[in-house]
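The primary structure of each chain is shown beneath.
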Amino acid sequence: MRLSPLPLVVLCLFMGFTFWVMAGAEQSLLAFGAQLMSSPDTAQVVIDLYILAVLACIWMYQDAKRRGKGLGYLIPFFVLTAVFVSAGPLLYLVLRDGPETETGRL
């Protein structure tokens, strides 16, 4: 399996920063999320991110289906997306095999 370098670098930097921030946080991830949803301006950003996350999950599902992967393969990516939004699609891109050979699509 060939790993994609750019998504791998972005994933490592993002998750490293995430874990660093979480290690120094004074509240849990759930408490932080609840605080963000308590104000309309920050709730709008969270809702926007999760709309994008759903769109990314739809793309991952369609791409995996074209590549012959089942829903069981995607569940870890969906869970990671639900918790850390961009980490799931980034990991999917890292582990995704190269371009489709049959149709030439990316």
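Here the structure is a predicted model, which means the values were calculated and not measured. (Residues numbered from 1 in each chain as written. Predicted model: local features only at pLDDT ≥ 70, side-chain atom pairs only at ≥ 80, totals over all residues. Heavy atoms only, no water.)

Moving on: the environment of phenylalanine 19. Position of phenylalanine 19 relative to the elements: it lies in helix α1 (residues 5-24). On the basis of relative accessible area, phenylalanine 19 is assigned to the partly exposed category, the value being 48%. Sequence separation between phenylalanine 19 and isoleucine 75 is 56 residues, and the spatial gap between their C-alpha atoms is 22 Å. (Helix = DSSP H or I, 4+ residues; strand = E, 2+ residues; numbered from the N terminus. Buried < 20%, exposed > 50% of the residue type's maximum accessible area, 1.4 Å probe, protein only.)

Attention now moves to helix α5 (residues 87-95). The complete set of buried residues in α5 reads Ala87, Gly88, Pro89, Leu90, Tyr92 and Val94. As for α5, its buried residues are in contact with α1, α3 (40-66) and α4 (71-84). (Contact = heavy atoms within 4.5 Å.)

So, about the pattern of salt bridges. As enumerated under the stated definition, the model contains three salt bridges in all. With a shortest N-O distance of 2.9 Å, aspartate 63 and arginine 67 are connected by a salt bridge. Between arginine 96 and aspartate 63 there is a salt bridge, with its nearest N and O atoms 2.9 Å apart. Taken together, the residues span a long stretch of sequence, with arginine 96 in the segment after α5 and aspartate 63 in helix α3 at a distance of 33 residues. Exposure remark for aspartate 63: the relative accessible area of 0% places this residue in the buried category. Each of Asp63, Arg66, Arg67 and Arg96 takes part in one network of salt bridges that share partners. (Salt bridge = Lys/Arg side-chain N within 4 Å of Asp/Glu carboxyl O.)

What follows covers the packing of α1 against α5. Where α1 contacts α5, the two axes come as close as 8 Å, and the packing angle between them is 145 degrees. The chirality of how α1 crosses α5 is left-handed. When α1 is examined against α5, the residues Pro7, Leu8, Val10, Leu11, Phe14 and Met15 are found in contact with a partner set consisting of Ala87, Leu90, Leu91, Leu93 and Val94. A breakdown of the residues in the contact of α1 with α5 according to their chemical character gives eleven nonpolar, no polar and no charged. (Axes fitted to C-alpha atoms, helices over the stretch in contact; angles between N-to-C directions. Left-handed = near helix turned anticlockwise from the far one by under 90°. Nonpolar A, V, L, I, M, F, W, Y, C, P; charged D, E, K, R; others polar.)

All right, on to the packing of aromatic side chains then. How two aromatic rings sit relative to each other is set out by the distance from centre to centre and by the angle between their planes. In total, this model carries five aromatic pairs according to the counting rule given. An angle of 70 degrees between the planes, with centres 6.4 Å apart, marks the rings of phenylalanine 19 and phenylalanine 84 as edge-to-face. One end of the pair, phenylalanine 19, is in helix α1; the other, phenylalanine 84, is in helix α4, with 65 residues separating them in the sequence. Judged by centre distance (5.3 Å) and plane angle (85 degrees), the rings of tryptophan 59 and tyrosine 92 are edge-to-face. Pair noted here: tryptophan 59 is in helix α3 and tyrosine 92 is in helix α5, with a separation of 33 residues, a long-range link. (Phe/Tyr/Trp six-rings, centres within 6.5 Å; stacked < 30°, edge-to-face > 60°.)

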